[in-house]
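Analysis of the macromolecular model
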Amino acid sequence: MARIENEIQSLMDAHAITPRLQDYFSRCIDFHTYPAPGLLLGVFMVDYAIEQLGAIPGEKLYSVCETHKCAPDPLQVILHCTSGNHRLRVIPMGRFALTLNRPSIEPFTEGIRVFIDPVKLEKYPLIASWFANDPSFNQRAEAHALIDEIFRAGRDILSAEKVRVKVTPKQKWQSGRCRICGEMVPTDLLEEGVCIGCGPNAYYEKI
């Protein structure tokens, strides 16, 4: 791990990554446990979205991530947006994109959506090959070169657009008891008195 950290540090220094971004990368890699390419791209995306939104450090923001792969972690580490505090929604659309917006009491609010631009990827063949999951890309052999190209590309492969985000107000709920497991769950998650954990979403068997 120390060797990997030294390699990452050398690449960041070589590409003149700012101290602020270096701190973001360091904390995100530690949280994610390794420097995944998607994680590194996600750091650039979050930083770019913050700038485009005109947000300030520590400002309370809400986020939507369109993939469950890697990109949610920079949102958690840098902005403290988590599913637990209801400031992170992960909608698995398969697009490597994220949106930031400020809190609002209105039904809609303005936000900034940042995404990997396929046209801009044409200048960066390794990233393009990895991003497209091209069979010819050798992750093991080309990992170092890929990360180097990601740091070289930075924001150059990103695009941003202003969007209107639907605001989901906090819902009031009542508690009910599942007639199978006997545990308490919100009543809107009971179907004929059975919770989804005892029904279609059961992921374990008792032993």
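The structure contained in this document is the topic of the report that follows.

Calculation criteria
Residues numbered from 1 in each chain as written. Predicted model: local features only at pLDDT ≥ 70, side-chain atom pairs only at ≥ 80, totals over all residues. Heavy atoms only, no water. Pairing = 2+ DSSP bridges. Helix = DSSP H or I, 4+ residues; strand = E, 2+ residues; numbered from the N terminus. Axes fitted to C-alpha atoms, helices over the stretch in contact; angles between N-to-C directions. Contact = heavy atoms within 4.5 Å. Salt bridge = Lys/Arg side-chain N within 4 Å of Asp/Glu carboxyl O. Buried < 20%, exposed > 50% of the residue type's maximum accessible area, 1.4 Å probe, protein only. Parallel < 35°, antiparallel > 145°, perpendicular 65-115°, else oblique. Left-handed = near helix turned anticlockwise from the far one by under 90°. Nonpolar A, V, L, I, M, F, W, Y, C, P; charged D, E, K, R; others polar. Core = buried A, V, L, I, M, F, W, Y, C linked by side-chain atoms within 4.5 Å.

1. Concerning the sheet that holds strand S1 (residues 62-65)
- The strand order across the open sheet formed by 5 strands is S2-S1-S3-S4-S5, and the pairing between neighbours is mixed. Each of the sheet's edge strands pairs with one partner strand only, and the pair in question is strand S2 (88-90) and strand S5 (158-166). Taking each pair of neighbouring strands and ignoring which way they run, the sheet shows an average axis angle of 20°.
- In this structure, S1 lies alongside strand S3 (residues 97-101), joined through 4 bridges in antiparallel fashion. Of the residues in S3, the one forming a bridge with Tyr-62 is Asn-101.
- Running at roughly 175° to S2, helix H4 (residues 72-79) makes contact with S1, S2 and S3 of the sheet.

2. Quick look at the pattern of salt bridges
- Overall, the coordinates contain 10 salt bridges when judged by the stated rule.
- Residues Arg-155 and Asp-47 are paired through a salt bridge, measuring 2.9 Å at the closest nitrogen-oxygen approach. Within this pair, whereas Arg-155 is found in the loop between helix H6 (139-153) and S5, its partner Asp-47 is found in helix H3 (residues 37-53), the two being separated by 108 residues in sequence.
- With a relative accessible area of 27%, Arg-155 lands in the partly exposed category.
- For Arg-113, the salt bridge identified is with Glu-66, shortest N-O distance 2.7 Å. Separated by 47 residues along the polypeptide, Arg-113 in strand S4 (residues 108-116) and Glu-66 in the loop between S1 and H4 bring together distant segments of the chain.
- Looking at Glu-66, the relative accessible area reads 5%, which means it is buried.

3. Digging into the packing of helix H2 (residues 19-32) against H3
- It is the contact of H2 with H3, at a shortest axis distance of 10 Å, that shows an interaxial angle of 135°. With respect to H3, the element H2 is oriented oblique. As for the relative orientation of H2 and H3, their crossing is right-handed in sense. Where H2 approaches H3, its residues Arg-20, Leu-21, Tyr-24, Phe-25, Cys-28, Ile-29 and His-32 are matched on the opposing element by Leu-39, Leu-40, Val-43, Phe-44 and Asp-47.
- Partitioning the contact of H2 with H3 into residue classes produces 9 nonpolar, 1 polar and 2 charged.

4. Focus: the side chain of Thr-99
- With respect to the helices and strands, Thr-99 occurs in strand S3.
- Discounting residues that sit within four places of it in the chain, Thr-99 has contacts with Tyr-62, Ser-63, Val-64, Glu-66, Ile-112, Arg-113, Val-163 and Val-165.

5. Considering the nonpolar core
- Within the largest apolar cluster, 51 residues are counted, with the highest numbers of intra-cluster contacts made by Phe-25, Leu-79, Ile-127, Phe-151 and Ile-157.
- Only helix H1 (2-14), H2, H3, H4, S3, S4, helix H5 (125-131) and H6 provide two or more residues apiece to this core.
- The element that contributes the greatest number of residues to this core is H3, accounting for 11 residues.

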